[in-house]
Amino acid sequence: MADQTNELSRSKIQEMVVAYAAEKPENREALLADRKRVLSELLNQPIPEYLNVRVAEETADTIFLIAPYLADQLSDNQLEDVAGGGLTTDRHGAHRIGAVLMDPEHLMASSKH
């Protein structure tokens, strides 16, 4: 996994989850059974209780497209973050992925997953 303290995008999270699930059938089943626990382990930080995490199980004849969240009246920088899913830091030092708050104390690099 790349150094998450520099950049953690939604697409990078997606890559991590796909790699984890594709590694072995047990990982895929764990993701389907307990997605928040698996995501928490991959990110090496707790997932906030208010954050909904959904997993869509692909099949050979189904494709999923993601329509990004857009809040009313976003600034150009906020639109860029949502579109690119970039990690941003607010003036209080809190990290956000798009609109998802991430605790900066828990963002750590890991090559285990």
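Residues numbered from 1 in each chain as written. Predicted model: local features only at pLDDT ≥ 70, side-chain atom pairs only at ≥ 80, totals over all residues. Heavy atoms only, no water.

Right, let's talk about the overall build of the protein chain for a bit. Per the secondary structure count, the protein chain includes four helices and three strands. What you see in the protein chain, going N to C, is helices and strands ordered as α-α-α-α-β-β-β. Split into buried and exposed, the 113 residues of the protein chain put 30% on the buried side. Taking contacts inside the protein chain between residues at least 6 apart in sequence as the whole, the part at least 24 apart equals 47%. (Helix = DSSP H or I, 4+ residues; strand = E, 2+ residues; numbered from the N terminus. Buried < 20%, exposed > 50% of the residue type's maximum accessible area, 1.4 Å probe, protein only. Contact = heavy atoms within 4.5 Å.)

Take the packing of helix α1 (residues 10-23) against helix α2 (residues 25-33) next. Following both chains from N to C, one finds α1 and α2 inclined at 125 degrees, their axes separated by 4 Å at the closest point. The angle between α1 and α2 falls in the class oblique. Two secondary-structure elements touch here, α1 through V17, Y20, A21 and E23 and α2 through N27, R28, A30 and L31. Within the contact of α1 with α2, the residues separate by chemical class into five nonpolar, one polar and two charged. (Axes fitted to C-alpha atoms, helices over the stretch in contact; angles between N-to-C directions. Parallel < 35°, antiparallel > 145°, perpendicular 65-115°, else oblique. Nonpolar A, V, L, I, M, F, W, Y, C, P; charged D, E, K, R; others polar.)

The geometry of α1 relative to helix α3 (residues 35-43) is characterised by a closest axis approach of 11 Å and an angle of 110 degrees between their N-to-C directions. With respect to their mutual orientation, α1 and α3 come out roughly perpendicular. Crossing geometry of α1 relative to α3 is assigned as right-handed. Between α1, through I13, M16, V17 and Y20, and α3, the contact on the second element is made entirely by V38, L39, L42 and L43. Considering only residue class, the contact of α1 with α3 consists of eight nonpolar, no polar and no charged. (Left-handed = near helix turned anticlockwise from the far one by under 90°.)

On to α1. Over its 14 residues, α1 extends 20 Å from the first C-alpha to the last, a length consistent with the 20 Å expected when each residue adds 1.5 Å. Taken together, the buried positions of α1 are I13, M16, V17, Y20 and A21. Each buried residue of α1 lies within a common arc of 125 degrees when the element is viewed along its axis, so the set occupies one face. Across α1 from its buried face, at more than 90 degrees, point the exposed residues A22 and E23. (Expected span 1.5 Å × (residues − 1). Arc of directions from axis to C-beta.)

Turning our attention to the nonpolar core. The nonpolar side chains of a soluble globular protein tend to be buried, and buried together. Within the largest apolar cluster, 15 residues are counted, with the highest numbers of intra-cluster contacts made by I13, V17, V38, L39, L42, L43 and I47. For this core, the elements supplying multiple residues, two or more each, are α1, α2 and α3. The element contributing the most residues to this core is α1, with five residues. (Core = buried A, V, L, I, M, F, W, Y, C linked by side-chain atoms within 4.5 Å.)

Turning our attention to α3. Within the span of α3, buried status applies to V38, L39, L42 and L43. Buried positions in α3, seen along its axis, are confined to an arc of 125 degrees and lie on one side of it. Directly after α3, the chain includes N44, whose backbone phi takes a positive value near 60 degrees.

A few words on the pattern of salt bridges. Tallying each qualifying case throughout the model produces four salt bridges. The partner of E15 in a salt bridge is K12, with the nearest N and O atoms 3.9 Å apart. Of this pair, E15 and K12 both sit in helix α1, three residues apart, which is roughly one turn of the helix. Under the relative-accessibility criterion, K12 is labelled partly exposed at 23%. A salt bridge links E57 to R28, with the nearest nitrogen and oxygen atoms 2.9 Å apart. Taken as a pair, E57 in the loop between α3 and α4 (76-84) and R28 in helix α2 lie far apart in primary sequence, 29 residues in all. (Salt bridge = Lys/Arg side-chain N within 4 Å of Asp/Glu carboxyl O.)

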